[in-house]
Amino acid sequence: MTSITELRTGESLQTTLSPVSRMDLIKYSGASGDFNPIHTIDEEAKKAGLPGIIAHGMWTMGNLSKLFTPYYEIGFIQDYQIRFAGMVFLNDVITLQAQLEDKTEEHLHFKVSAINQKGKEVIKGKVRFALY
Amino acid sequence: MYRDAIGKRSPKVKNVVERGLVRRFAESIGDLHPIYVDEETGKNSRYGNNIAPPTFPRVFLSGNIEGLKLPGKGLIHGEQIYHYERPLLVEEEVFCYSVIEDYYEKEGSTGKMGFLKMKRYGEDANGKLIFTEESVIIITETVRRAMQV
């Protein structure tokens, strides 16, 4: 793996997740304590006017941060800002992306997003990674 | 409808970054990295301990804000913003409280939408800031109407 500090402006960290499963969302409900049933129970999602259950926005945001986990010895996520732009449904295939926009001695600035199989951004924002 | 609540804050609540919960949380976001879950890796890291994922504060309690009533259903999570002074360490105590930062309304295609901005602060035992967590919650016209009934 290329180290994060060797990235050049415009280059990206990227990974694609397995299709979203109900078990993913059941696990996140349990771990986070967010038991809103629109994330796990079909009838509740339909009652709320949705075509089916949707992922917690925070599940996707949590997943996205893992692009940076391998680099904990050289820095940490100091600022992480996300706007929830679209819904994530069962079986969606989500690609996580962090593109280096700028770098200084102290920080790496990334534009981050999660994109579904149709190329739509479902969450987007910024990460400022502080270097030790 | 929440304008009067701006500036209100909750009492501080003590939380512990529980080891078992960090593992479960990391697993639920598909990030079972040794820095979160393996004690040896934590000990040998620059932190001298395991750390928690950046979105982990979601599980913390921060006490109720007096007089603030939110609908149980129909809220939309608009934005989420974290700031860290340093990563959270496994098994440390974190003291959390929430503040209502702002409330404003905007005219949207489905009617008037309310935007409620909450900010949570996490401090160590000496009152030194570790992180902040801001959430923007969107309250749609339909939900607003239902609440006034």
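Under an unreviewed UniProt entry, the name given to chain B is MaoC family dehydratase N-terminal domain-containing protein, and the organism recorded is Neobacillus paridis.

For chain A, an unreviewed UniProt entry supplies the name Dehydratase and the organism Neobacillus paridis.

> Even after reading the chapter, I still don't get the UniProt feature "domain: FAS1-like dehydratase" (unreviewed entry) in chain B, so can you show me in this structure?
Within the UniProt annotation, "domain: FAS1-like dehydratase" (unreviewed entry) is assigned to residues 5-132 of chain B. Across residues 5-132 of chain B one finds 16% helix and 37% strand; the C-alpha atoms that close the span lie 20 Å apart.

> What am I meant to see in helix H1 (residues 19-28) of chain B here?
Turn by turn, an α-helix covers 3.6 residues, leaving residues three or four places apart pointing in a common direction. Residue and element names in this part refer to chain B. Among the residues of H1, Val-22, Phe-25, Ala-26 and Ser-28 are the ones counted as buried. Taken down its axis, H1 places every buried residue within 160 degrees of arc, on the same side. Of the residues trailing H1, Gly-30 is marked for its positive phi of about 65 degrees.

> Can you walk me through the interface of chain B and chain A in this structure?
Many structure descriptions define interface size as the accessible area lost when the parts assemble. Contact residues are listed per partner, giving 33 residues for chain B and 29 residues for chain A. Between chain B and chain A, roughly 2600 Å² of surface is buried when both sides are summed, and carbon and sulfur atoms account for 57% of that area. Among the residues chain B hides against chain A, the three largest losses belong to Ser-28, Ile-29 and Arg-46 of chain B. Together they make up 20% of the total. If you look at where chain B meets chain A, you find 1 salt bridge. A salt bridge links Glu-27 of chain B to Lys-27 of chain A; the shortest N-O distance between them is 3.4 Å. Seen at the junction of chain B and chain A, the total is 14 residue pairs in polar contact (both at pLDDT 80 or more). Those elements that provide at least two residues to the side of chain B that touches chain A are H1, helix H2 (34-37), helix H3 (39-44) and strand E2 (75-84) of chain B. If one sorts the elements of the side of chain B that touches chain A by residue count, E2 of chain B sits on top with 8 residues. Per-class residue counts for the side of chain B that touches chain A are 13 nonpolar, 11 polar and 9 charged.

Cut-offs applied
- Residues numbered from 1 in each chain as written.
- Chains lettered and ligands numbered in written order.
- Predicted model: local features only at pLDDT ≥ 70, side-chain atom pairs only at ≥ 80, totals over all residues.
- Heavy atoms only, no water.
- UniProt positions renumbered as here; feature names shortened; annotations may be inferred.
- Helix = DSSP H or I, 4+ residues; strand = E, 2+ residues; numbered from the N terminus.
- Buried < 20%, exposed > 50% of the residue type's maximum accessible area, 1.4 Å probe, protein only.
- Arc of directions from axis to C-beta.
- Contact = heavy atoms within 4.5 Å.
- Buried area = accessible area lost by both parts, 1.4 Å probe.
- Salt bridge = Lys/Arg side-chain N within 4 Å of Asp/Glu carboxyl O.
- Polar contact = N/O pair within 3.5 Å; in protein donor to acceptor, adjacent residues only side chain to side chain.
- Nonpolar A, V, L, I, M, F, W, Y, C, P; charged D, E, K, R; others polar.

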